[in-house]
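Structural overview
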Amino acid sequence: MLGMVCGALCYWFNDYNEAYVMGIHIYLILGVSVFISALGLSLYYKNSTYLSPLFLCVGVIVAALGRIFDDLRIDPTDHNLFPFEIMSLLVIAVPVAFLGHWLGTLVHKARR
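Read on for an overview of the structure. (Residues numbered from 1 in each chain as written. Predicted model: local features only at pLDDT ≥ 70, side-chain atom pairs only at ≥ 80, totals over all residues. Heavy atoms only, no water.)

Attention now goes to the nonpolar core. Counting residues in hydrophobic clusters, the biggest one holds 19 residues, and the most contacted among them are Cys10, Leu30, Val34, Val60, Ile86, Leu89 and Ala97. Of all the elements in the fold, those that place two or more residues in this core are helix H1 (2–11), helix H2 (26–44), helix H3 (51–74) and helix H4 (82–111). A per-element tally of this core places H3 first, with 6 residues. In this structure, Leu30 is in contact with Cys6, Cys10, Val60, Leu89, Ile92 and Ala93, ignoring residues within four places of it in sequence. (Core = buried A, V, L, I, M, F, W, Y, C linked by side-chain atoms within 4.5 Å. Buried < 20%, exposed > 50% of the residue type's maximum accessible area, 1.4 Å probe, protein only. Helix = DSSP H or I, 4+ residues; strand = E, 2+ residues; numbered from the N terminus. Contact = heavy atoms within 4.5 Å.)

A word on the packing of aromatic side chains. Taken as a whole and assessed by the stated rule, the structure comprises 1 aromatic pair. Both rings, one in Tyr44 and one in Tyr45, keep their centres 4.9 Å apart while their planes meet at 85°; by these two values the pair is edge-to-face. (Phe/Tyr/Trp six-rings, centres within 6.5 Å; stacked < 30°, edge-to-face > 60°.)

The next point concerns unusual backbone geometry. Working note: non-glycine residues mostly have negative phi, and peptide bonds are mostly trans. For Met22, which is not glycine, the phi torsion reads 55° and is therefore positive. Checked against the element boundaries, Met22 lands in the loop between strand E1 (20–21) and strand E2 (24–25). On the basis of relative accessibility, which here comes to 79%, the residue Met22 falls in the exposed class.

Tracing the chain through its elements places Leu2 in helix H1. Residue contacts for Leu2: discarding those within four places in its chain leaves Ser37, Leu41 and Leu56.

Before going further, it helps to spend a moment on the environment of Val60. Structurally, Val60 is set in helix H3. Residue Val60 is classed as buried on the basis of its relative accessible area, which comes to 2%. Separated by 50 residues in the primary sequence, Val60 and Cys10 place their C-alpha atoms 9.4 Å from one another. Residues in contact with Val60, not counting those within four places in the same chain, are Gly3, Met4, Cys6, Gly7, Leu30, Val34 and Leu89.

In this section: H3. Since there are 3.6 residues in each turn of an α-helix, residues three or four apart along the chain are aligned in direction. Taking 1.5 Å of rise per residue, 24 residues should cover 34 Å, and H3 covers 35 Å from first to last C-alpha, within 8% of that figure. The complete set of buried residues in H3 reads Pro53, Leu56, Cys57, Gly59, Val60, Ile61, Ala63, Ala64, Arg67, Ile68 and Asp71. The secondary structure elements touched by the buried residues of H3 are H1, H2 and H4. (Expected span 1.5 Å × (residues − 1).)

Turning to the pattern of salt bridges, a few remarks are in order. Tallied over the entire structure, the rule returns 2 salt bridges. With a closest N to O distance of 3.1 Å, Arg67 and Asp71 form a salt bridge. Of this pair, Arg67 and Asp71 both sit in helix H3, 4 residues apart, which is roughly one turn of that helix. Salt-bridge contacts for Asp70 lead to Arg73; the nearest nitrogen and oxygen are separated by 2.7 Å. Note that Asp70 and Arg73 are positioned in helix H3 at a spacing of 3 residues, about one turn of the helix. Arg73 gets classed as exposed once you look at its relative accessible area, which sits at 61%. (Salt bridge = Lys/Arg side-chain N within 4 Å of Asp/Glu carboxyl O.)

Attention shifts here to the state of the cysteines. Evaluation of the coordinates by the stated rule reveals 0 disulfides. Of all cysteine sulfurs, the one in Cys6 lies closest to Cys57, which takes part in no disulfide; the gap is 9.2 Å. (Disulfide = S-S within 2.5 Å.)

Read these as layout, nothing more, since geometry by itself doesn't imply function.
In structure tokens form, the structure reads like this:
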């Protein structure tokens, strides 16, 4: 659910061909929101595993696919390269999610 919020923040508030939301690049919004979410999840849950950042990324993909399918319903010629959109999301979201998770786990272990 949290991953869907992160994906919606960067994908649902702009047009298909716009890369900026309120002057901020969508991939910067995605990276920061996924990092904060992964960090928060790993700090909040003591037994957080590597599946937490993966499920966070799945939520981002689901939100992006929802926007893509909605745009395709309106104009079928939009998003003709949507697999590359999904890959670019994964290239950004997965490392950032694991970095946030690792940092949260490191902080959690240092508190013990």
